[in-house]
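Residues per chain are reported as follows:
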Amino acid sequence: MGELIQPQKTIEILQKYKFHFQKRYGQNFLIDERVMQKIIAAASIQSDEFVLEIGPGIGTMTQFLCENAGYVAAVEIDQNLIPVLQDTLGSYRNVEIINNDILKMDIRSLVEEKNGGQPIKVVANLPYYITTPILMGLFESHVPLKSVTVMVQKEVAERMKAVPGTKDYGALSLAVQYYAAPEIAAHVPPNCFMPRPKVASTVICLKCHEKPPVQVKDERLLFAVIRASFNQRRKTLANGLHNDVQLQLSKGQIQYCITGLGLPVSIRGEALTLEQFAKLSDMVYAMIH
Ligand code: SAM
């Protein structure tokens, strides 16, 4: 079990199938067992759980998931990897290989069909070129989730965890923290992958909230306000909101909202907490309705 994690076994299987890495799919395969064990421990998978793996590659992590979970759905875009996966996962009865683009799939329906709509766990060594669309897609389409344990670029993990007033804090921090509590599980250097990526990586576990930590009248509006506030990073919150074509707020309206929160009109978006953005969003809601 799990022997693919050894670099020599990975090389053997790649040669057997004459596999060529495709840069455009962010293919960097994990070859470090200690890191793999940390991912599996962080995801804390139980034997009755449904796990969705995004981008199984040659099935290295999938083997570990199959050993621990009740059922694994592994979604891989690269059709050249499907025969490989059929081989490396051939001895498992609790896995389904799906050849598709994760961004084009209706994951809610999959969870409904395969897990009776009950919350699932997502575990993945993500393709870095689409980290944010994948995570936001899962959250915004309200896929029932217990946790999302993912390998991402180190800087992206830092942005997810960032707190107000720091350089990394922004729309991604607020979006992730609205849906989940992020916890760093491991830092992973490039030599743990084949081929080596140019960047350092981090495993982050996002423990999903049953209920968001703030309640708002309109979730879409909250994220529209957040995006507008960070669109022009060095500008004030007031300017960011005013320049947003979608929101169409006058300077007077914006000043009224900001001072109504007890904040100075010169404040920048990066100083506001999620709670303050929620209040701001509800004030904007009251104004436009
Ligand atoms: N899980 C493997 C591992 O840890 O060794 C491979 C991880 S590799 C970083 C990312 C994987 O995601 C690749 O197998 C790649 O082909 C796949 N992938 C890239 N874009 C995808 C997409 N849009 N939908 C599904 N899989 C994708």
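These numbers were taken from a predicted model, which means no experiment stands behind them.

Undergrad: Mind laying out the pairing of strand 4 (residues 95-99), listing which residues take part and the relevant values?
TA: Across five bridges, the pairing between strand 3 (residues 71-76) and strand 4 is parallel. Counterpart to Ala73 in the pairing with strand 4 is Glu96. Of the crossover connections in this fold, the one passing from strand 3 over helix 4 (residues 82-88) to the parallel strand 4 is right-handed.

Undergrad: Talk me through the packing of aromatic side chains; I want residue IDs and the actual numbers.
TA: In total, this model carries 10 aromatic pairs according to the counting rule given. Where Phe21 meets Phe29, the ring centres are 5.2 Å apart and the plane angle is 55°; that geometry is what we call tilted. Looking at Phe29, the relative accessible area reads 8%, which means it is buried. Members of the aromatic cluster, connected to one another through ring pairs, are Phe139, Tyr178, Tyr179 and Phe223. We note Arg24 situated over the ring of Tyr25; from NZ or CZ to the ring centre the distance is 4.5 Å.

Undergrad: Now, about unusual backbone geometry: what can you tell me, with residues and values included?
TA: At the junction of Met194 and Pro195, the peptide bond is cis and its omega measures out at -10° in the coordinates. When you line up the elements, Pro195 lands in the loop between strand 8 (193-194) and strand 9 (201-208). Unlike most non-glycine residues, Lys18 shows phi in positive territory, near 45°. Note that Lys18 resides in the loop between helix 1 (7-16) and strand 1 (29-30).

Undergrad: Break down the pattern of salt bridges for me, with residues and values.
TA: Going through the model one piece at a time under the given rule, you end up with nine salt bridges. For Glu49, the salt bridge identified is with Lys121, shortest N-O distance 3.1 Å. Taken as a pair, Glu49 in the loop between helix 2 (33-43) and strand 2 (50-54) and Lys121 in strand 5 (residues 120-125) lie far apart in primary sequence, 72 residues in all. Like Glu49, the residue Lys121 is buried in the burial classification. The salt bridge partner of Lys114 is Glu113, with a shortest N-O separation of 4.0 Å. Residue classification places Glu113 among the exposed positions, given a relative accessible area of 62%. Linked through salt bridges whose partners overlap, the residues forming this network are Glu49, Lys121 and Lys146.

Undergrad: For helix 6 (residues 131-140), give the residues involved together with the corresponding values.
TA: Of the residues making up helix 6, those classed as buried are Thr131, Ile134, Leu135, Met136, Leu138 and Phe139. Looking one or two residues past helix 6, His142 carries a phi angle of roughly 50°, positive in sign.

Undergrad: So what's going on with the nonpolar core? Residues and values would help.
TA: Grouped together as the largest cluster of nonpolar side chains are 68 residues, with contacts concentrated most on Leu52, Ile54, Leu145, Met160, Leu206, Phe277 and Leu280. Membership of the second largest hydrophobic core comes to 27 residues, among which are Leu30, Leu65, Leu85 and Met151.

Undergrad: Quick one: what's the story with the sheet that holds strand 5, residue by residue and with numbers?
TA: As summarised here, the arrangement of the seven strands in space is 4-3-2-5-6-9-7, forming an open sheet in which the pairing is mixed. For this open sheet the edge positions go to strand 4 and strand 7 (180-188), each flanked by a neighbour on one side alone. Pairs of neighbouring strands in the sheet enclose a mean axial angle of 20°, with direction left out of account. Sheet contacts for helix 7 (residues 154-161): strand 6 (145-153), strand 7 and strand 9; angle to strand 6, the most-contacted strand, approximately 135°.

Analysis parameters
Residues numbered from 1 in each chain as written. Predicted model: local features only at pLDDT ≥ 70, side-chain atom pairs only at ≥ 80, totals over all residues. Heavy atoms only, no water. Pairing = 2+ DSSP bridges. Helix = DSSP H or I, 4+ residues; strand = E, 2+ residues; numbered from the N terminus. Right-handed = clockwise from strand over helix to strand, strands pointing away. Phe/Tyr/Trp six-rings, centres within 6.5 Å; stacked < 30°, edge-to-face > 60°. Buried < 20%, exposed > 50% of the residue type's maximum accessible area, 1.4 Å probe, protein only. Lys NZ or Arg CZ within 6 Å of the ring centre and 35° of its normal. Salt bridge = Lys/Arg side-chain N within 4 Å of Asp/Glu carboxyl O. Core = buried A, V, L, I, M, F, W, Y, C linked by side-chain atoms within 4.5 Å. Axes fitted to C-alpha atoms, helices over the stretch in contact; angles between N-to-C directions. Contact = heavy atoms within 4.5 Å.

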